[in-house]
Amino acid sequence: MDKKKIICVPDEIWKCPMLHREIPEGLCVDIYEAMYGGLKKSAVPEVKDWEKASKMCPECPYYFEKS
Ligand code: SF4
């Protein structure tokens, strides 16, 4: 059997101006996905105000499309 090495790369931690705390990069991507329909909004309970997210995220330097 071919043994393959699994390498885990930890998420980067970003200071999220919308949630006012540090979040892993993966949560930011999930928020992006939920905003545009790739994920159910209920899968991201950290976001309480999606209107605020849709205004703040595109202006954020960590916005998924800008990274
Ligand atoms: S893009 Fe949105 S979710 Fe990601 S860090 Fe910026 S404000 Fe937070």
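Residues numbered from 1 in each chain as written. Predicted model: local features only at pLDDT ≥ 70, side-chain atom pairs only at ≥ 80, totals over all residues. Heavy atoms only, no water.

**Comments concerning the packing of aromatic side chains**
Stage number 1. The final tally for this structure, using the stated rule, is 3 aromatic pairs.
Stage number 2. Between Tyr 32 and Tyr 36, the aromatic rings sit 5.0 Å apart at their centres with planes inclined by 55°, giving tilted as the arrangement.
Stage number 3. Seen in terms of ring centroids, Tyr 32 and Tyr 63 are 5.6 Å apart; in terms of plane orientation they differ by 65°. Their pairing is edge-to-face. Separated by 31 residues along the polypeptide, Tyr 32 in helix α1 (residues 25–35) and Tyr 63 in the segment after α2 (50–56) bring together distant segments of the chain.
Stage number 4. When its relative accessible area of 13% is taken as the criterion, Tyr 32 is described as buried. (Phe/Tyr/Trp six-rings, centres within 6.5 Å; stacked < 30°, edge-to-face > 60°. Helix = DSSP H or I, 4+ residues; strand = E, 2+ residues; numbered from the N terminus. Buried < 20%, exposed > 50% of the residue type's maximum accessible area, 1.4 Å probe, protein only.)

**Observations regarding the site of the ligand**
Stage number 1. Near the ligand, the surroundings consist of Cys 16, Pro 17, Met 18, Cys 28, Ile 31, Cys 57, Cys 60, Tyr 62 and Tyr 63.
Stage number 2. Residue composition of the shell around the ligand, by class: 9 nonpolar, no polar and no charged. (Near = heavy atom within 4 Å. Nonpolar A, V, L, I, M, F, W, Y, C, P; charged D, E, K, R; others polar.)

**Looking at the nonpolar core**
One broad rule of soluble globular proteins: the nonpolar side chains tend to lie buried together.
Stage number 1. One finds Met 18, Ile 31 and Trp 50 to be the most contacted residues of the largest nonpolar core, which totals 17 residues.
Stage number 2. Taken together, the elements giving at least two residues each to this core come down to β1 (13–16), α1 and α2.
Stage number 3. The element best represented in this core is α1, accounting for 6 residues.
Stage number 4. Apart from residues no more than four positions distant in its own chain, Ile 31 is found in contact with Met 18, Leu 19, Val 44, Val 47, Trp 50 and Cys 57. (Core = buried A, V, L, I, M, F, W, Y, C linked by side-chain atoms within 4.5 Å. Contact = heavy atoms within 4.5 Å.)

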